[in-house]
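Here is what each chain is made of, one letter per residue.
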Amino acid sequence: MALLAPRDVAALAARHDVKRLIKALNTGPTRGDAAVALGRLGATEAVAPLIAALRDPDVYVRQAAAWSLGLLADASAVPPLIDVLAHDDAVREWAMTALQAFGAAAVEQLLLALRAGDPMVRRASAEAIGRFGDGQAVEPLIAALRSGSDFGNRDLKCAAADALGRLGDARAIAPLVTVLTTGDDHEVRAACQEALCRIGEPAVEALVAAVRSGQGLAGYTATETLGRIGDARAVEPLLQLLHDGTQYLESVAVALGRIGDPRAISPLVDALRNLPWLADDTRSAVATALGGFGRPGAVALLEALHGNGAHRRREFADRDVATALGAVGSAASTP
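Residues numbered from 1 in each chain as written. Predicted model: local features only at pLDDT ≥ 70, side-chain atom pairs only at ≥ 80, totals over all residues. Heavy atoms only, no water.

Comments concerning helix 2 (residues 18-26)
Convention followed: Buried means the residue's accessible area, taken with a 1.4 Å probe over protein chains only, is under 20% of the maximum for its type, while exposed means over 50%, and partly exposed covers the values in between. Only DSSP runs of H or I with at least four residues qualify as helices, and only runs of E with at least two residues qualify as strands; both kinds are numbered from the N terminus onward. Directions from the helix axis toward the C-beta atoms define the arc. Throughout, a contact is declared for two residues whenever any of their heavy atoms are within 4.5 Å.
Within helix 2, burial applies to Val 18, Leu 21, Ile 22, Ala 24 and Leu 25. Taken down its axis, helix 2 places every buried residue within 160° of arc, on the same side. Of the exposed residues in helix 2, the ones pointing more than 90 degrees away from its buried face are Lys 19 and Asn 26. Buried-residue contacts for helix 2 involve helix 1 (6-14), helix 3 (31-41) and helix 4 (47-53).

Quick look at a positive patch on the surface
As a reminder, the rule being used: Patches here: salt-bridge-free residues with over 30% relative accessible area, like charges joined within 9 Å, nonpolar side chains (Val, Leu, Ile, Met, Phe, Trp, Tyr) joined within 5 Å. Surface accessibility follows the Shrake-Rupley procedure with a 1.4 Å probe radius. Residue values consider only the protein chains on display as shielding. For this analysis, a salt bridge means a side-chain nitrogen from Lys or Arg found within 4 Å of a carboxyl oxygen belonging to Asp or Glu. For this count, His and the chain ends are skipped, Lys and Arg are scored as positive, and Asp and Glu as negative. In plain terms, the charge of a residue is placed at NZ if it is Lys, CZ if Arg, CG if Asp and CD if Glu.
Judged by side-chain charge, Arg 15, Lys 19, Arg 20 and Lys 23 come together as a positively charged surface patch. Locating Arg 15 in the fold gives a position in the loop between helix 1 and helix 2. Since its relative accessible area comes to 52%, Arg 15 is described here as exposed.

A closer look at the side chain of Asp 185
To be explicit about the condition: Identification of polar contacts relies on pairs of N or O atoms within 3.5 Å, with a donor-acceptor requirement for protein atoms, meaning one able to donate a hydrogen and the other able to accept it, and with residues adjacent in sequence counted only if both atoms are side-chain atoms.
With respect to the secondary-structure elements, Asp 185 resides in the loop between helix 12 (173-182) and helix 13 (186-199). Polar side-chain contacts of Asp 185 include one of 3.0 Å to the backbone nitrogen of Glu 187.

Some thoughts on unusual backbone geometry
One non-glycine residue, His 16, adopts positive backbone phi at about 55°. Along the chain, the position of His 16 falls in the loop between helix 1 and helix 2. Under the relative-accessibility criterion, His 16 is labelled exposed at 55%. At Ala 73, a position not held by glycine, the phi torsion is positive, near 55°. Residue position: Ala 73 is located in the loop between helix 5 (59-72) and helix 6 (78-87). Using a relative accessible area of 39% as the deciding quantity, one classes Ala 73 as partly exposed.

Quick notes on helix 3
By the criterion of burial, helix 3 is predominantly enclosed, with 8 of the 11 residues buried. Taken residue by residue, helix 3 has Arg 31, Gly 32, Ala 34, Ala 35, Val 36, Ala 37, Leu 38 and Gly 39 as its buried positions. Here the buried face of helix 3 lies against helix 1, helix 2, helix 4 and helix 5. Gly 42 lies just past helix 3 and shows a positive phi near 70°.

Right under this line is the structure:
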């Protein structure tokens with residue numbers, strides 16, 4: 001067969017000459033154009049050649065083949081597209097879009113792929129489920145989140161956490177909080193935090209419980225996550241932590257500053273006034289949080305540290321007020 005120009009491919013498509021278009025897909029410089037034409041024609045007999053074209057050395061041909069397989073929506077294309085999703089970064093988004101066109105048939109295969117031996121396939125499947133999965137995917141994703149050690153399954157667990165956050169199902173909250181507060185890998189914990197922040201308000205109750213019962217890293221990460229979600233229901237348990245000691249003072253201050261509830265102003269001021277031995281980073285975090293409340297926070301701090309009963313270390317007082325005022329200015333200049 002002579003080499004075809006793009007106009008020749010267009011002519012074949014206009015005549016619905018699928019047989020010759022398949023030949024053009026297999027050889028010559030217009031392989032990508034032929035792949036696109038076959039998809040547009042709905043040529044189901046081209047599914048097998050298009051699957052083979054997913055391994056073509058030319059990236060445009062591979063992208064065109066993935067796109068057309070999405071149009072044809074033949075179930076036999078799902079496993080090869082999942083493999084492309086996992087191993088071909090240049091065609092990844094094309095494969096993702098194609099799989100989405102398959103709907104439930106793709107989700108079923110992706111759920112099976114969560115148990116594949118290839119870790120890259122497991123990770124890519126979890127990511128795809130997060131993009132267009134549904135409720136049936138939640139339990140398998142939770143199982144993936146819980147599988148093995150964090151270090152040995154980091155990519156899969158991060159992808160599973162992200163998918164659970166995108167799906168937003170309440171069943172995922174408890175497992176996400178558990179891994180957030182007990183996991184042994186920073187990246188996995190960070191992925192769980194992002195997922196819980198995406199879920200938002202429904203996760204607050206479980207996080208408050210984790211703050212109340214947690215110690216060390218568990219309490220810190222739960223506190224930080226509450227601050228990022230910004231729900232006012234977290235204020236009282238966070239304030240209780242201030243009364244329980246200084247273990248979480250820095251993270252509690254940041255969280256309360258983010259939530260912005262004025263009930264936090266007086267307890268935060270008291271922490272600076274009554275605890276002059278605090279580390280510099282902790283003092284700065286508390287003062288910055290007070291500045292985030294604007295004028296009321298800065299004024300309360302100024303009165304407490306320079307009024308009657310002002311604390312004994314004047315240099316600390318001046319620095320705390322300056323930090324708070326700086327935060328007020330920063331907040332005011334933020335669009």
